[in-house]
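Residue-level structure breakdown
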Amino acid sequence: MYFAAKDRGKNTLNTLHTISSYYTDSLANNYAIAKQDSTLLALKTQSRIYHHAVQLARENTGMLEYDAIAYESQQEQLRRYEIEWHRKFSLSVACLLLFFVGVPLGAILRKGGLGIPLTVSIIIFVIYWVTSTMGERMARIGTISPYVGMWLSSAILLPLGVFLIYMASTEAAISDLSPI
């Protein structure tokens, strides 16, 4: 479909050239008649040329609008395929990243009972879910590439996971969030 739209300009120019040569030849052949009643013949010919040009412009406008709609539909379908392809890998990596966030978080916040670690875990998951959904929607409408949209949430979780692993390995407390 895209290649047909690419050749549309050449076809339009060929059609216009054919029309132009037809009317030029027609005027040259009818030159003797045109001398007798030049005003009437010129107006009829101009009117025919004008109506034919308007018709051709409308046809080409319709074809170009159809090509634009078809091209956008194909681009949307391609984005959907790319989103699904990247989703398979980004969800696998996200599982690992959430594991690498949750384990050190549990080691760091072990004194708080169930409330604070659960609350922090839910907040981290909501941040992941919101960025994942936002990235997917932006990729679906074409604001950003599907690659960036689907890996956005993992890119945000990665520094947090590295930071928490570092804090847990050095046994440093982030802050004393839990009661004694």
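Residues numbered from 1 in each chain as written. Predicted model: local features only at pLDDT ≥ 70, side-chain atom pairs only at ≥ 80, totals over all residues. Heavy atoms only, no water.

Notes on the overall build of the chain
Filter applied, for reference: Helix and strand definitions here come from DSSP, where helices need a minimum of 4 consecutive H or I residues and strands a minimum of 2 consecutive E residues; each element is numbered from the N-terminal end. Residues count as neighbours in contact if any of their non-hydrogen atoms are within 4.5 Å of one another.
Of the regular secondary structure elements, the chain holds 6 helices and 0 strands. For the chain, contacts bridging at least 24 residues in sequence account for 71% of all contacts bridging at least 6.

Re the environment of Ser 132
For clarity, the cut-off: The cut-offs for exposure are 20% and 50% of the maximum accessible area for each residue type, with area from a 1.4 Å probe on protein chains only; residues under the lower value are buried, those over the upper are exposed, and the others partly exposed.
Along the chain, Ser 132 turns up in helix 5 (residues 115-141). For Ser 132, a relative accessible area of 17% translates into the label buried. Once the C-alpha coordinates of Ser 132 and Ile 156 are considered, the two residues, 24 residues apart in sequence, prove to be 9.9 Å apart.

Some thoughts on the nonpolar core
Across soluble globular proteins, nonpolar side chains show a tendency to be buried alongside one another. The line we're drawing: Here, nonpolar core refers to any group of buried Ala, Val, Leu, Ile, Met, Phe, Trp, Tyr and Cys residues whose side-chain atoms link them within 4.5 Å.
With 11 residues, the main nonpolar core is built from Ala 94, Leu 97, Val 101, Leu 105, Ile 108, Leu 109, Ile 124, Tyr 128, Leu 157, Leu 164 and Met 167. When contributions to this core are tallied by element, the ones reaching two or more residues are helix 4 (38-108), helix 5 and helix 6 (146-169). In this structure, Leu 157 is in contact with Leu 97, Leu 98, Val 101, Ile 124 and Tyr 128, ignoring residues within four places of it in sequence.

A few points about helix 5
To keep things clear, this is the line we draw: One less than the number of residues in a helix, times 1.5 Å, gives the span that helix is expected to have.
Across its 27 residues, helix 5 extends 39 Å between first and last C-alpha, which sits within 8% of the 39 Å expected from 1.5 Å per residue. Buried within helix 5 we find Pro 117, Ile 124, Tyr 128, Thr 131, Ser 132, Thr 133, Gly 135, Glu 136 and Ala 139. Of the residues trailing helix 5, Gly 142 is marked for its positive phi of about 90 degrees.

Topic: the packing of aromatic side chains
Rule in force here: Each pair of aromatic rings taken from Phe, Tyr and Trp, with Trp reduced to its six-membered ring, is defined by centres within 6.5 Å and is described as stacked if the planes are under 30 degrees apart, edge-to-face if over 60, and tilted in the remaining cases.
The final tally for this structure, using the stated rule, is 3 aromatic pairs. Look at Trp 85 and Phe 89: their rings are 4.9 Å apart centre to centre, the planes differ by 65 degrees, and that puts the pair in the edge-to-face class. Placement of the pair is Trp 85 and Phe 89 together in helix 4, with a separation of 4 residues, close to one helical turn. Taken together, a centroid distance of 6.3 Å and an interplanar angle of 40 degrees make the contact between Phe 125 and Tyr 128 tilted. One end of the pair, Phe 125, and the other, Tyr 128, are both in helix 5, 3 residues apart, so they sit about a helical turn from each other.

Concerning the confidence of the model for the chain
The test is simple: Each residue carries a pLDDT value, the predictor's own confidence for that position, ranging from 0 to 100.
Per-residue confidence for the chain averages 79 on the pLDDT scale, and 71% of its residues sit at or above 70. With pLDDT under 50 throughout, residues 176-180 is counted as low confidence; its partners more than four residues away or in other chains account for 7 contacts.

Remarks on a nonpolar patch on the surface
Our working definition: The patch calculation keeps residues exceeding 30% relative accessible area without a salt bridge and links them within 9 Å when they carry like charges or within 5 Å when they are nonpolar (Val, Leu, Ile, Met, Phe, Trp, Tyr). In short, Shrake-Rupley with a 1.4 Å probe defines the accessible areas, and a residue's cover is counted only from the protein chains shown. Only one rule defines a salt bridge in this text: a Lys or Arg side-chain nitrogen within 4 Å of an Asp or Glu carboxyl oxygen.
Taken together, the side chains of Leu 114, Leu 118, Ile 122, Phe 125, Val 126, Trp 129 and Val 130 make up a nonpolar region of the molecular surface, amounting to roughly 710 Å² of accessible area. On the secondary structure map, Val 126 appears in helix 5.

Description of the pattern of salt bridges
All chains considered together, the criterion is met by 5 salt bridges. Glu 84 serves as the salt-bridge partner of Arg 87, at 2.9 Å between the closest nitrogen and oxygen. Taken as a pair, Arg 87 and Glu 84 lie in helix 4 at a separation of 3 residues, close to a single helical turn. Take Arg 87: its relative accessible area is 21%, and that puts it in the partly exposed class. For Glu 84, a relative accessible area of 40% translates into the label partly exposed. What you see here is one network of salt bridges that share partners, running through Glu 84, Arg 87, Glu 136 and Arg 140.

A word on helix 6
Because each turn of an α-helix spans 3.6 residues, side chains separated by three or four positions end up pointing in the same direction. Under the convention used in this document: Values of bend correspond, residue by residue, to the angle between axes fitted over the seven residues ending at that residue and the seven starting there.
Between its first and last C-alpha, helix 6 extends 35 Å over 24 residues, near the 34 Å set by a 1.5 Å rise per residue. Most pronounced at Leu 152, the bend in helix 6 amounts to some 45 degrees. Turning to helix 6, its buried residues are Pro 146, Gly 149, Met 150, Ser 153, Ser 154, Leu 157, Gly 161, Leu 164 and Met 167. Once helix 6 finishes, Glu 171 follows within two positions and takes phi at roughly 55 degrees, a positive value.

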